[in-house]
Amino acid sequence: MLPGGFLRRELEEKTGKQAMQTMNHTRFLFLLLSFSAGFLCCAVKGCRLAGPDRETILARGEKFARTWRSLPAKRGRILDRKGKVLVWSELYCDLHYKEAGESELGEDEQHALIEMFGKLDFSVPPSTPLRRHLRPDEVIALEPLLLKGAPLQIRVRHERVVCNSDTVRRLAGKVALRNGVQCGISGWELENELLLRGLPGRFSVLLDRFGNYMPKSFKLIAPPSNGKDLKLKETLEELEQKYTEPAL
């Protein structure tokens, strides 16, 4: 006959092994259920994305990624009585840093810009162009840098141009940029502001994580309304004769 203590130890060891097996079995079932639940959730989400909720979910995501911008209007020209263009606007593209707080330009990016444009002053603030009057081929060459997230942006602007006449340059006056719109501040530009100034349009576009426009995402909301031309009562020759100061 076996001692009672020995039987007790045998029972305790057997009970402990059974408890351990039960615990391991429970853990296995818990993990299996967790993985099954996760797979089921993914499957449900996948069905929703591919099913009736797809358009709603995509529209919700696009809403967060889409931004709205203004589209500048072209200012009207100033013509003489015969239709000769005296003052007009030309479209230019300039390369700028992004606003303060963005990441700095890396050495590789600086070298790439120097290869494109030659010597550049990289210490300028965001309000000052790194490079003015970009050509179309230069804009295309900059695309890889912008898509990689370089802290650069291309800004579009209209610049007022005056014909080769000191008299017209003096009489035409000047314009200033206010809220992205050219506004007359002196001369003919100010006197005929309501006629010359157009109304900016609106567009929306999707941005990537670097803040660059995504291809084929442009949507025109309202086209710009360009300013109207001003036709003077005098010809250029008559203006020269009338307003040129007589030689002493």
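Here's what I pulled together on the structure shown here. None of the values given here were measured: they were computed from a predicted structure.

With that settled, the discussion passes to the side chain of Glu-138. For Glu-138, the position within the fold is in helix α4 (residues 136-147). With a relative accessible area of 6%, Glu-138 lands in the buried category. A polar atom in the side chain of Glu-138 sits 2.9 Å from the backbone nitrogen of Arg-135. Setting aside anything within four residues of it in sequence, one finds Glu-138 in contact with Phe-117, Arg-131 and His-133.

Attention now moves to helix α3 (residues 107-117). Because an α-helix completes one turn every 3.6 residues, residues spaced three or four positions apart along the sequence face the same direction. Of all the residues in α3, the buried ones are Glu-109, Leu-113 and Phe-117. One side of α3 carries all its buried residues, which in axial view fall inside an arc of 50°. Facing away from the buried side of α3 by more than 90 degrees, the exposed set consists of Glu-107, Asp-108 and Glu-115. Looking one or two residues beyond α3, the residue adopting positive phi is Gly-118, at roughly 85°.

With that settled, the discussion passes to the nonpolar core. Judged by nonpolar contacts, the single largest core of 15 residues is most densely connected at Leu-95, Leu-113 and Leu-152. Going through the elements one at a time, β3 (85-97), α3 and α4 are the ones with two or more residues in this core. Here this core gets three residues from one element, more than from any other, and that element is α4. Dropping the residues within four chain positions of it, Leu-113 is found in contact with Leu-95, Leu-105, Gly-118, Leu-120, Phe-122, Leu-142, Leu-145 and Leu-152.

Below, the discussion takes up the sheet that holds strand β1 (residues 66-71). Spatially, three strands are ordered β1-β7-β8 in an open sheet, and the strand pairing comes out antiparallel. Strands with a single pairing partner mark the edges of an open sheet, and in this sheet they are β1 and β8 (219-222). Ignoring which end each strand starts from, the neighbouring axes of this sheet average 30° apart. Of the pairings in the sheet, the one linking strand β7 (residues 201-206) to β8 comprises three bridges and is antiparallel in character. Within β8, the position partnered with Arg-202 by the bridge is Ala-222.

This part takes up the pattern of salt bridges. Within the structure shown, the criterion is met by 14 salt bridges. When the shortest N-O distance is used, the salt bridge between Arg-135 and Asp-137 registers 3.0 Å. Through salt bridges with shared partners, one network takes in Arg-75, Arg-160, Glu-189, Glu-193 and Arg-197.

Now for the environment of Arg-77. As for its placement among the helices and strands, Arg-77 is situated in the loop between β1 and β2 (78-79). Sequence-distant contacts of Arg-77, that is, excluding residues within four places in its chain, are made with Val-85, Val-87, Trp-88, Arg-160, Leu-196, Lys-228, Asp-229 and Leu-230. Among the polar contacts made by the side chain of Arg-77, one reaches the side chain of Asp-229 at a distance of 2.7 Å.

The rules behind these values
- Residues numbered from 1 in each chain as written.
- Predicted model: local features only at pLDDT ≥ 70, side-chain atom pairs only at ≥ 80, totals over all residues.
- Heavy atoms only, no water.
- Helix = DSSP H or I, 4+ residues; strand = E, 2+ residues; numbered from the N terminus.
- Buried < 20%, exposed > 50% of the residue type's maximum accessible area, 1.4 Å probe, protein only.
- Polar contact = N/O pair within 3.5 Å; in protein donor to acceptor, adjacent residues only side chain to side chain.
- Contact = heavy atoms within 4.5 Å.
- Arc of directions from axis to C-beta.
- Core = buried A, V, L, I, M, F, W, Y, C linked by side-chain atoms within 4.5 Å.
- Pairing = 2+ DSSP bridges.
- Axes fitted to C-alpha atoms, helices over the stretch in contact; angles between N-to-C directions.
- Salt bridge = Lys/Arg side-chain N within 4 Å of Asp/Glu carboxyl O.

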